[in-house]
Structure formats: structure tokens, C-alpha cells
Amino acid sequence: MKKVLTIAGSDCSGGAGIQADLKTMSAHGVFAMSVIVSVVAENTARVISIEDISPKVIEDQMDAVFEDIFPDAVKVGMLSTPPCMQAVARKLRQYQPKHLVIDPVMYAKNGAPLMNPDAVGALIEYILPLATVLTPNIPEAECIAKMEIHSVSDMEEAARRIHAMGCKNVLVKGGHAVGNALDVLYDGQSFHHFENERIDTKNTHGTGCTLSSAIASNLALGHDVVKAVGLAKDYVTEGIRHSLAIGKGCGPLNHFHAFFSEED
Ligand SMILES: Nc1ncnc2c1ncn2[C@@H]1O[C@H](COP(=O)(O)OP(=O)(O)O)[C@@H](O)[C@H]1O
Ligand SMILES: Cc1ncc(COP(=O)(O)O)c(N)n1
């Protein structure tokens, strides 16, 4: 069995973060492991508080996983402060996992900040260059590339600028745009467009977490980057199509719609 690790924040309401990652990985038939970087008291509507795990315990968790069950791929999600980023980067440099998908999470769907705004420089310096695939959404790509994005060609220009900062592949996600849900992948040479229909729903809590975990799972399963992203995109689209209208805000994706529906 392939093994995949998520290094991210905990969403106690189960729709995003570590919990979305573990559900996505399990649905892909890989063995899922987790390193918790922050405990976020959040739900579909709001973020109440955030408590970071100490850098030492982040590093201890990474040692515990890597010395025993070396993952075939790793996904990194929410990293709230430079000390968390440095701890994660130090251990990733030490263990050198083969595939590393990094989702540079900055805000929750309800607008609450999940990354300290002063930490963008540390994200670019310590974390971004480690990525096999970096998956910013449009606001995150704007912040990292330091430009506004209003069109698909702007998404491509942002991908070019971010690629030049050192990651192997950049996927600028178009969930925050209008029209079809179009994501742009750049590998330093050419662009691939992944375009699926936009589903008209507010229940998109956890889409970015799910996409990056699905990409990491597909890389662990042996797919190349283009195939891994294409399969992951289709997985997210179906998760949104069957998303659950539960909670008071943006409901979560459905990872098990083939077996269970909202009525169950
Ligand atoms: N309403 C939607 N219908 C279909 N796909 C969507 C929808 N919203 C987001 N997506 C897709 O979900 C993935 C996550 O995108 P996005 O919402 O941009 O990221 P994030 O969750 O990090 O903000 C992307 O593949 C995007 O195209
Ligand atoms: C702990 C945690 N990590 C990430 C997100 C972003 O989720 P999304 O996938 O909706 O962008 C979140 N709301 N909470």
C-alpha cells in the first residue's frame, strides 16, 4: 500500500485541513498519516481561535513518521507562522520526500486569516522552493507573485513568476474566478489548462485541501504530475457536485458520495 503524509492544520468541523486530507487520501486507497501544525477551532461559518503546535513537537511528529513509515508523497497545508514554516522546512530538507505538494493556505473560505500576513516572505524563502507542485488559489497567487489577476493570461503570468521562485510546478487554481472552474499548471516550459464546469453551490469548504491531497495521493500511486492534477481536479468536481449542505456556512465536500448521500 502507498503511504501519504499530510502536514497541516486541524479543522475540528471536519471539512478542511487535516480532516479533509485524511478523508481524501483514504478515498484514494492510500495509507494516510498526519503531522498537526496548528489546532484551529473552526466550523463552516467562522474561525474562533488558532493555536500553533510548538516547532519542537512539529519536528518530533515528522521524525516519528519518517523514521518508521517513510511516505511515498507528502502534502503540506496551513503553516501559520515563520517558526512553523522553518520547523517543517528543516525536516523536509532532512528527509527529502520524493513528491511534495504544497498548498500555501492563507485564508479560510469565510475570510479569516490562517497564515500570519507577515509570514509571506518566510513562505517564499523556506517553503515554496521545496514544492514538486505548489497550488495557490487566485488571492494567494496574487500575494506571492505580487500582481493582480483578472484573466487567464494573468494566471499564466503569475504561474511564471512563482515558478521562477523555485518550485518545480505551479497550479494556479481558478475557484475564485468566474465562469468555468479553470486551473492553470505551469512546469517551467508549458501550460496545461484543466477546465471543469463550475458547480453553483456555496458548499466548497475544503476544496483546496482536497485538491492538494488528491494530487499527492495520485503522485504516490505513480501518476505523472499532469495526470495526477487531472484526476485530482475530477475528484474535487465530483466532491463539490455531491457536497453536503450541513452547517450554517459553507458546507463540506462529499468524499464518499458513491456510498452515502446527504439523506443517509
Ligand atoms: N464551484 C466550483 N465548481 C467546480 N469547481 C470548483 C468550484 N470552486 C472551486 N473549484 C475547484 O476547486 C479547486 C480548489 O479551488 P479554489 O477554490 O480556487 O481553492 P481554495 O480552496 O484554496 O480557495 C480548484 O480545482 C477549483 O477549480
Ligand atoms: C485547518 C485549515 N486548513 C485549511 C483551510 C482552508 O480550506 P480550503 O480548502 O477551503 O481553502 C481551513 N479552512 N482550515
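Here the structure is a predicted model, which is why all the values come from computation and not from measurement.

### Brief notes about the UniProt feature "domain: Pyridoxamine kinase/Phosphomethylpyrimidine kinase" (unreviewed entry) in the protein
Next up, step 1: Taken from the UniProt record, the annotation "domain: Pyridoxamine kinase/Phosphomethylpyrimidine kinase" (unreviewed entry) applies to residues 11-254.
Next up, step 2: Secondary structure across residues 11-254 divides into 39% helix and 18% strand, with the first and last C-alpha atoms of the span separated by 16 Å.

### Here's the deal with the packing of helix H5 (residues 138-145) against helix H6 (residues 152-163)
Two measures define how a pair of helices packs: the angle their axes make with one another and the distance between the axes.
Next up, step 1: Their axes nearest at 9 Å, the elements H5 and H6 cross at an angle of 50°. In this view, H5 runs oblique relative to H6, as classed from their interaxial angle. Considering the relative orientation of H5 and H6, their crossing is left-handed. Contacts between H5 and H6 involve Ala141, Glu142, Ile144 and Ala145 from the first element and Ala158, Arg161 and Ile162 from the second.

### Observations concerning the environment of Asp11
Next up, step 1: One can find Asp11 in strand E1 (residues 3-11).
Next up, step 2: Accessibility expressed as a C-beta count within 10 Å gives 29 for Asp11, which makes it buried.
Next up, step 3: In the structure, Asp11 is positioned 27 residues away from Ser38 in sequence and 9.2 Å away in space, judged by C-alpha atoms.
Next up, step 4: If near-sequence neighbours (up to four positions away) are discounted, Asp11 is found in contact with Ala16, Gly17, Ile18, Gln19, Val40 and Glu42.

### Here we look at the pairing of strand E9 (residues 191-196)
Next up, step 1: Pairing between strand E8 (residues 181-186) and E9: six bridges, direction antiparallel. When the sheet's bridge partners are listed, Ala181 is paired in E9 with Asn196.
Next up, step 2: Here E8 hands over to E9 after four residues, with Gly188 in that stretch at a positive phi of 100°.

### Some remarks on the nonpolar core
Next up, step 1: Within the largest apolar cluster, 73 residues are counted, with the highest numbers of intra-cluster contacts made by Val37, Leu79, Met85, Val88, Ile127, Ile162 and Ile215.
Next up, step 2: In terms of residues, this core owes the most to one element, helix H8 (residues 225-241), which gives seven residues.
Next up, step 3: Setting aside residues up to four positions removed in sequence, Ile215 forms contacts with Val101, Val133, Ala228, Val229 and Ala232.

### Regarding the site of ligand 1
Next up, step 1: Lining the immediate environment of ligand 1, one finds 18 residues, of which Asn137, Lys173, Gly175, Ala181 and Gly208 sit closest.
Next up, step 2: Of all the secondary structure elements, the ones that give two or more residues to the shell around ligand 1 are E8, helix H7 (207-220) and H8.
Next up, step 3: With four residues, H8 is the largest single contributor of residues to the shell around ligand 1.
Next up, step 4: Taken together, the residues of the shell around ligand 1 break down into five nonpolar, nine polar and four charged.

### Notes on the site of ligand 2
Next up, step 1: Taken together, 18 residues surround ligand 2, and among them Gly9, Ala16, Gly17, Gly208 and Cys209 come closest.
Next up, step 2: When residues of the shell around ligand 2 are traced back to their parent elements, those giving at least two are E1, strand E2 (31-42) and H7.
Next up, step 3: Classifying every residue of the shell around ligand 2 by side-chain character gives eight nonpolar, seven polar and three charged.

Definitions and limits used
Residues numbered from 1 in each chain as written. Chains lettered and ligands numbered in written order. Predicted model: local features only at pLDDT ≥ 70, side-chain atom pairs only at ≥ 80, totals over all residues. UniProt positions renumbered as here; feature names shortened; annotations may be inferred. Helix = DSSP H or I, 4+ residues; strand = E, 2+ residues; numbered from the N terminus. Axes fitted to C-alpha atoms, helices over the stretch in contact; angles between N-to-C directions. Parallel < 35°, antiparallel > 145°, perpendicular 65-115°, else oblique. Left-handed = near helix turned anticlockwise from the far one by under 90°. Contact = placed C-beta atoms within 7 Å. Buried ≥ 20, exposed ≤ 12 C-beta atoms within 10 Å, placed from the backbone. Pairing = 2+ DSSP bridges. Core = buried A, V, L, I, M, F, W, Y, C linked by C-beta atoms within 7 Å. Near = placed C-beta within 6 Å. Nonpolar A, V, L, I, M, F, W, Y, C, P; charged D, E, K, R; others polar.

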